[in-house]
Amino acid sequence: QAVFTLEKDVTGGRPQQLTFNTAEGPFTDERVRQAFAFSLDRKALVETIGHGVIPYDGNGGVSRSTPGWSEAAADRYTFDLDRAEALLDEAGWTGTDEDGFRTKGGETLEIVLPYGAGSIINADGASILQGVQEQAKQAGFKVRLVPVPQAELFSGAYGSPSERDIYPGYWTSVTSGILYVNWRQSTPEWPNYNNASFTNYPELEAIILEANSTADVDAQNALYAKAQEYIAEHALAIGIYDRLSTLAISPELDGVKQEHSQGGPTFHDAHFVG
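Residues numbered from 1 in each chain as written. Predicted model: local features only at pLDDT ≥ 70, side-chain atom pairs only at ≥ 80, totals over all residues. Heavy atoms only, no water.

1. Things to note about the side chain of S39
Right, so step 1: Mapped onto the fold, S39 is located in the loop between α1 (30-38) and α2 (42-50).
Right, so step 2: A polar side-chain atom of S39 sits 2.7 Å from the main-chain carbonyl oxygen of F36.
Right, so step 3: Apart from the residues lying within four places of it in its own chain, the contact partners of S39 are F79, A84, Q135, A136, A139 and F141. (Helix = DSSP H or I, 4+ residues; strand = E, 2+ residues; numbered from the N terminus. Polar contact = N/O pair within 3.5 Å; in protein donor to acceptor, adjacent residues only side chain to side chain. Contact = heavy atoms within 4.5 Å.)

Laid out in structure tokens, this is it:
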């Protein structure tokens, strides 16, 4: 019977995360975004559904294997239902509808969360999102999950701020420079369709640009951490879990490595042994 060695690497870049639409809808209010983050026990969800295999990561900016990862940003929001409810009260979502969801001015606090079914989000990821839906319900959020087929997703479905409130997804990258892709300002002359918040944050972009142009690695990573902490402080995005790249390698094969941009195997130094 063949015995294989499993090599598991956390892919660098951005983890599976939830980015809030801050241009339209309920998440234009920072308190509502923070309330959503506090309403979730993301770590318990990931550990329960992932059976200890999927690594939890609370950082909405970059994954833990990425240089410059900020633990402070990852730990910013832990499960605190009382605080979530207090923030929603403060934001004016004080009523309830017949199903127990929060209301404000007769409007139910409904959150549209589309996701790439079977592509960006696999079966375990979909189960985790269903857990997010159930946990957020305790605070009064009505989360509507919308599985989107790949053909629709990549042709632009749910691509405008009027169509969605949260957008999940990940990016792979060898550095925290991926932050610039996700948070560069979008202008008519230079649109940035990768900015899932639909809002420009000049202060955040300035921190990322300074990091990108800093030669000293330690200073650069400190600036990247500052950018992640800005994202966490303002609850622009929250992390859920890291993307794993897993290889099963025969003990008769040595020198197989995983490259860091996409997590794929490389065989430049591979050779049979024994």
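Alright, that's what it looks like, and here's the rest.
2. As for helix α8 (residues 202-212)
Right, so step 1: When we look at burial in α8, the residues that qualify are L204, E205, I207, I208 and A211. Looking straight down α8, one finds its buried side chains confined to an arc of 160°; they lie on one side. (Buried < 20%, exposed > 50% of the residue type's maximum accessible area, 1.4 Å probe, protein only. Arc of directions from axis to C-beta.)

3. Some details on the packing of aromatic side chains
Right, so step 1: Counted by the stated rule, this structure contains 8 aromatic pairs.
Right, so step 2: Their ring planes at 80° and their centres at 5.8 Å tell us that F20 and F36 sit as a pair that is edge-to-face. In this pair, F20 is assigned in strand β2 (residues 13-20) and F36 in helix α1, connecting sequence segments 16 residues apart.
Right, so step 3: For F36, a relative accessible area of 0% corresponds to the buried category. (Phe/Tyr/Trp six-rings, centres within 6.5 Å; stacked < 30°, edge-to-face > 60°.)

4. So, the sheet that holds strand β4 (residues 102-104)
Right, so step 1: The strand order β3-β4-β5 describes an open sheet built from 3 strands, whose pairing is antiparallel. Each having just a single partner strand, β3 (95-96) and β5 (107-108) make up the two edges of the open sheet. (Pairing = 2+ DSSP bridges.)

5. Observations concerning unusual backbone geometry
Right, so step 1: Here the phi dihedral of H51 falls at roughly 50°; this positive angle occurs in a residue that is not glycine.
Right, so step 2: The exposed category is assigned to H51, whose relative accessible area is 69%.
Right, so step 3: Phi angles above zero are rare outside glycine, and A235 is one such case at about 50°.
Right, so step 4: Within the secondary structure, A235 sits in the loop between α9 (217-233) and β9 (237-241).

6. A few points about the pattern of salt bridges
Right, so step 1: All chains considered together, the criterion is met by 6 salt bridges.
Right, so step 2: Among the ionic pairs, R64 bridges to D242, the shortest N-O distance being 3.1 Å. You can see R64 sitting in the loop between α2 and α3 (71-74) and its partner D242 sitting in the loop between β9 and β10 (244-249), a full 178 residues away along the chain.
Right, so step 3: R64 sits in the partly exposed class, given a relative accessible area of 39%.
Right, so step 4: Two residues, R102 and D89, come together in a salt bridge whose shortest N-O distance is 2.5 Å. Here R102, found in strand β4, pairs with D89, found in helix α4 (residues 81-90); they are 13 residues apart in sequence, far enough to count as distant.
Right, so step 5: Residue D89 is classed as partly exposed on the basis of its relative accessible area of 39%.
Right, so step 6: Because the salt bridges share partners, they merge into one network encompassing D29, R31 and E90. (Salt bridge = Lys/Arg side-chain N within 4 Å of Asp/Glu carboxyl O.)

Such coordinate-based values are descriptive only and should not be taken to indicate function.
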